[in-house]
Amino acid sequence: MAGASGRAIISTAALVIFLAAGCLAEDPYKFFEWHVTYGEVAPLGVPRQGILINGQFPGPKINCTSNNNIIVNVFNHLEEPLIFTWAGIQHRKNSWQDGTPGTMCPILPGTNYTYHFQPKDQIGTYFYFPTVGLQRASGGVGMLQVLSRDLIPVPFDTPADDYSIILGDWYNKDHKTLQRILDAGRSIGRPDGVHINGKSFKVGDTAAVASPDFSMEAGKTYRYRVCNAGLRLSINFRFQGHTMKLVEMEGSHTVQNIYDSLDLHVGQCASVLVAADKAVKDYYFVASTRFFKDAMTAVAVVRYAGSNIPASPELPLPPPENTEGITWSINQFRSFRWNLTASAARPNPQGSYKYGKINITRTIKIENNRYDSDGKLRFGINGVSHVDSETPLKLAEYFGVADKVFVYDLVKDNDPSATKVAAAIAPSVMNASFKGFVEFIFENHEKTIQTWHLDGYSFFAVAIEAGVWSPEKRKNYNLLDAVSRNTIQVYPNTWAAAVTTLDNAGMWNLRSEMRERAYLGQQMYVSVLSPEKSLRDEYNIPATQQLCGIVKDLPKPAPYV
């Protein structure tokens, strides 16, 4: 079986190691075994090679409860290295399990690796995906949902069912072909369509009618968790004939406003409640692209129990486009509010954290850049285009050989226009003070929308406005009930602001969620080092952690105590 020659199959052995290391606490364990293979996929009706987990695309759902210990034993049956990241899971004190090329060695073909992490004091809707190259373009993507513990009240009644929807744009070229295009210095261009849970139906498709995706019983209410796991395009989703009540975004309960449709930008997730209070018939769930010429649309069938009436061919209208559409979408963002009367993952009100009264200790102004580097397309941050190194950055830092792998602070805090002609192409790591209260300003002077994500943290998305940021713009921040989340979008010729406390020691990836841009350099790592080097602040390197690059044969440093 795969992995026997390189790394032993460790479903049981890993648990023994975790027990010996003192990892087993009072929190329950949930075990998953994944076999990652190639297989045929055809979301748009064009068969091509995809990446499957246990034969599935989307992959298996991880359904867990806050503070559970999650054990995922991944067997790599591909012909290429593999790493999974758990986007939005904060990995408290544990960037070892973050699943990016800057923190972990890849799972080599024919071997396996066991992830162990906790969604510590987290609830909400997230997704996982492979982070090597353009693999996300071929699959390996699935939902990760974290439920509240029984003693923590949830601010809505238990729904009749809880549905998961992974959607996004899709290319009929596989990830290897797309990656070759990027390596040749060109853009991967326009996606070919939109999928909903690995399928793309149009209005009236007989296959969709014969096998509805979702069912509802009249008089009951249902939760739909929706994530945009695409590569490039924002998606608007809506239910034919029904409104939606927004209840959660990326780990935070929200004020329960009612929406006809919601914009979901690349990498973002949200939960809505839908009441089955209409006539007994079929309806469409609709997903269509935003801010891109010639919108692409896919539908899925929602069937009321007992229905024998097909859905109407008239779909609910999408939001406006162009400048008017951006204004509409910004106003929708401003309507998202943290529910200060609800509990979070701990038994205390979400609003007990008065982030608006904390003094900012550092402002990091970030501009996304597009470059022509020797005739090849590159992207970057403040004049630096990141490249992954053979030795993961976290391992180089931990083993004391960082100076042989990267240089800190190539990206400067407030010099976004360092160069617009030729990027510095190198591993990019920013040093950050442990427990500093940081303000990230994202400025976008390009014509395309951006989405940013920070691993290891949730931040308060306090503002989005047109134009250029300046310190006096802080008077427009929402300093009371901005949603705590892990992504923020930045529209063309606008800026966005997010604030957070850097209290999670580790090496954390700040990236564009557009995979083309991240692959070609629009990302960096934020190193948050605790001066105490104590187990109170950061876990020791796991006993099972793989080593590679220049640290492969080095002795491990003395453990933290």
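My aim in this report is to walk through the structure given alongside it, one point at a time. Here the structure is a predicted model, which is why all the values come from computation and not from measurement. (Residues numbered from 1 in each chain as written. Predicted model: local features only at pLDDT ≥ 70, side-chain atom pairs only at ≥ 80, totals over all residues. Heavy atoms only, no water.)

Scanning the protein from terminus to terminus reveals 6 helices and 34 strands. What you see for the protein is a C-alpha radius of gyration of 23 Å, in line with the 24 Å of a compact globule of 561 residues. Along the first, second and third principal axes, the C-alpha set of the protein runs to 70 × 60 × 55 Å. Taking the contacts inside the protein whose residues are at least 6 apart along the sequence as the reference set, 78% of them involve residues at least 24 apart. Of the roughly 21,000 Å² that the protein leaves accessible, carbon and sulfur atoms contribute 53%. In the protein, which carries 54 positive and 53 negative side-chain charges, the distance between the mean positions of the two groups comes to 1 Å. (Helix = DSSP H or I, 4+ residues; strand = E, 2+ residues; numbered from the N terminus. Rg over C-alpha atoms; globule rule 2.2 N^0.38 Å. Contact = heavy atoms within 4.5 Å. Areas by Shrake-Rupley, 256 points an atom, 1.4 Å probe, with all protein chains shown as cover. Lys, Arg positive; Asp, Glu negative; His and termini not counted. Charge placed at Lys NZ, Arg CZ, Asp CG, Glu CD.)

What follows covers unusual backbone geometry. With an omega dihedral of -5°, the bond running from Phe57 to Pro58 counts as a cis peptide bond. Here Pro58 shows up in the loop between strand S2 (48–53) and strand S3 (62–65). Of note in the backbone geometry, Asn197 takes a positive phi value of approximately 55° without being a glycine. Among the structural elements, Asn197 can be located in the loop between strand S10 (193–196) and helix H3 (206–210). Among the residues examined, Asn197 registers a relative accessible area of 19% and is labelled buried. A positive phi angle, close to 70°, is found at Lys435, a residue other than glycine. (Buried < 20%, exposed > 50% of the residue type's maximum accessible area, 1.4 Å probe, protein only.)

Moving on: the layout of surface pockets. To find the voids left in a structure, one rolls a probe of water-molecule size over its atoms. In this structure, the second largest pocket spans a volume of roughly 570 Å³. Every residue lining the second largest pocket is counted, 29 residues in all, and those nearest its centre are Ile83, Pro101, Val132, Asp388 and Ser389. Mapped by element, the contributors of at least two residues to the lining of the second largest pocket are strand S33 (506–512), helix H6 (515–519) and strand S34 (523–529). Examining the composition of the lining of the second largest pocket, we find that 3 residues originate from one element, H6, more than from any other. Of the residues contributing to the lining of the second largest pocket, the split by class is 15 nonpolar, 7 polar and 7 charged. (1 Å grid on protein atoms, 1.4 Å probe; cavity = no way out; pocket = protein on both sides within 12 Å on 5 of 7 lines; lining within 4 Å. Points joined across faces, edges and corners; volume = space filled by probe spheres on them. Nonpolar A, V, L, I, M, F, W, Y, C, P; charged D, E, K, R; others polar.)

Another point: the packing of aromatic side chains. According to the stated counting rule, one finds 34 aromatic pairs in the structure shown. Taken together, a centroid distance of 5.5 Å and an interplanar angle of 35° make the contact between Phe57 and Trp170 tilted. On the criterion of sequence distance, the pair formed by Phe57 in the loop between S2 and S3 and Trp170 in strand S9 (residues 162–170) is long-range, its members being 113 residues apart. Residue classification places Phe57 among the buried residues on the basis of a relative accessible area of 17%. What links up through ring pairs into an aromatic cluster is the set Trp34, Phe84, Trp86, Tyr113, Tyr115, Phe117 and Tyr128. Across from the ring centre of Tyr283, 4.5 Å away, lies the NZ or CZ of Lys281, which sits over that ring. Above the plane of the ring of Trp96 lies Lys394, whose end atom (NZ or CZ) is 4.9 Å from the centre. (Phe/Tyr/Trp six-rings, centres within 6.5 Å; stacked < 30°, edge-to-face > 60°. Lys NZ or Arg CZ within 6 Å of the ring centre and 35° of its normal.)

For the rest of this paragraph, the subject is empty space enclosed by the protein. In the structure shown here, the tally under the stated rule is 2 cavities of 30 Å³ or more. Across the lining of the largest cavity, the residue classes tally to 9 nonpolar, 3 polar and 2 charged. Quantified by volume, the second largest cavity comes out at close to 50 Å³. In terms of lining, the second largest cavity is formed by Asp263, His265, Gln268, Ser329, Gln332, Phe333, Phe336, Arg485, Gln489 and Tyr491. Partitioning the lining of the second largest cavity into residue classes produces 3 nonpolar, 5 polar and 2 charged.

The next point concerns the state of the cysteines. Under the counting rule described, the total for this entry stands at 2 disulfides. A sulfur-sulfur separation of 2.1 Å characterises the disulfide bridge that pairs Cys105 with Cys548. Handedness here is read from the sign of the S-S torsion; for Cys105 and Cys548, about -95°, the answer is left-handed. Remark: Cys548 occurs in the segment after S34 and Cys105 occurs in the loop between strand S5 (84–87) and strand S6 (112–117); sequence separation between them is 443 residues. One exposure class covers both Cys105 and Cys548, and it is buried. Disulfide pairing places Cys227 opposite Cys269 at an S-S distance of 2.1 Å. On the S-S bond that ties Cys227 to Cys269, the torsion sits near 115°, and the link is right-handed. Of the two residues, Cys227 is situated in strand S12 (residues 221–228) and Cys269 in strand S18 (residues 269–275); the sequence distance between them amounts to 42 residues. When the bonded cysteines of the protein are counted from the start of the sequence, the pairing works out to 1-4, 2-3. (Disulfide = S-S within 2.5 Å.)

Quick look at helix H4 (residues 322–335) now. Over its 14 residues, H4 extends 20 Å from the first C-alpha to the last, a length consistent with the 20 Å expected when each residue adds 1.5 Å. Three or more residues of H4 are buried, namely Gly325, Ile326, Ser329, Ile330, Gln332 and Phe333. For H4, the angular spread of buried residues about the axis comes to 155°, placing them on one side. Along H4, exposed side chains directed more than 90 degrees from the buried face belong to Thr323 and Glu324. Buried residues belonging to H4 abut strand S16 (258–259), strand S17 (261–264), strand S19 (282–290), strand S29 (459–466), strand S31 (487–490) and strand S32 (494–501). (Expected span 1.5 Å × (residues − 1). Arc of directions from axis to C-beta.)

The next point concerns the sheet that holds strand S24 (residues 407–408). The 6 strands lie next to each other as S24-S26-S34-S33-S28-S31, forming an open sheet whose pairing is mixed. Each edge of the open sheet is held by one strand with a lone partner, namely S24 and S31. With 5 bridges connecting them, strand S26 (residues 428–433) and S34 associate as parallel partners. Counterpart to Ser433 in the pairing with S34 is Leu529. (Pairing = 2+ DSSP bridges.)

Reading across from one edge, S11-S20-S19-S13-S17 is the order of the 5 strands in this open sheet, with mixed pairing throughout. The outermost strands of the open sheet, each flanked by one partner alone, are strand S11 (214–216) and S17. The average angle at which neighbouring strand axes cross in this sheet is 25°, direction not considered. Pairing of strand S13 (residues 234–239) with S19, which is carried by 6 bridges, proceeds in the antiparallel orientation. Residue Phe239 lies in a different strand from S19, and its bridge partner there is Phe285. On the sheet, H4 packs against S13, S17 and S19 and is oriented at approximately 95° with respect to S17. (Axes fitted to C-alpha atoms, helices over the stretch in contact; angles between N-to-C directions.)

Glancing now at helix H2 (residues 175–183). Taken together, the buried positions of H2 are His175, Leu178, Ile181 and Leu182. Mapping the buried residues of H2 onto a view down its axis gives an arc of 120°, with all of them on the same face. Packed against the buried residues of H2 are strand S1 (29–41), S2 and H6. Two residues or fewer past H2, Gly185 is found with a positive phi of approximately 95°.

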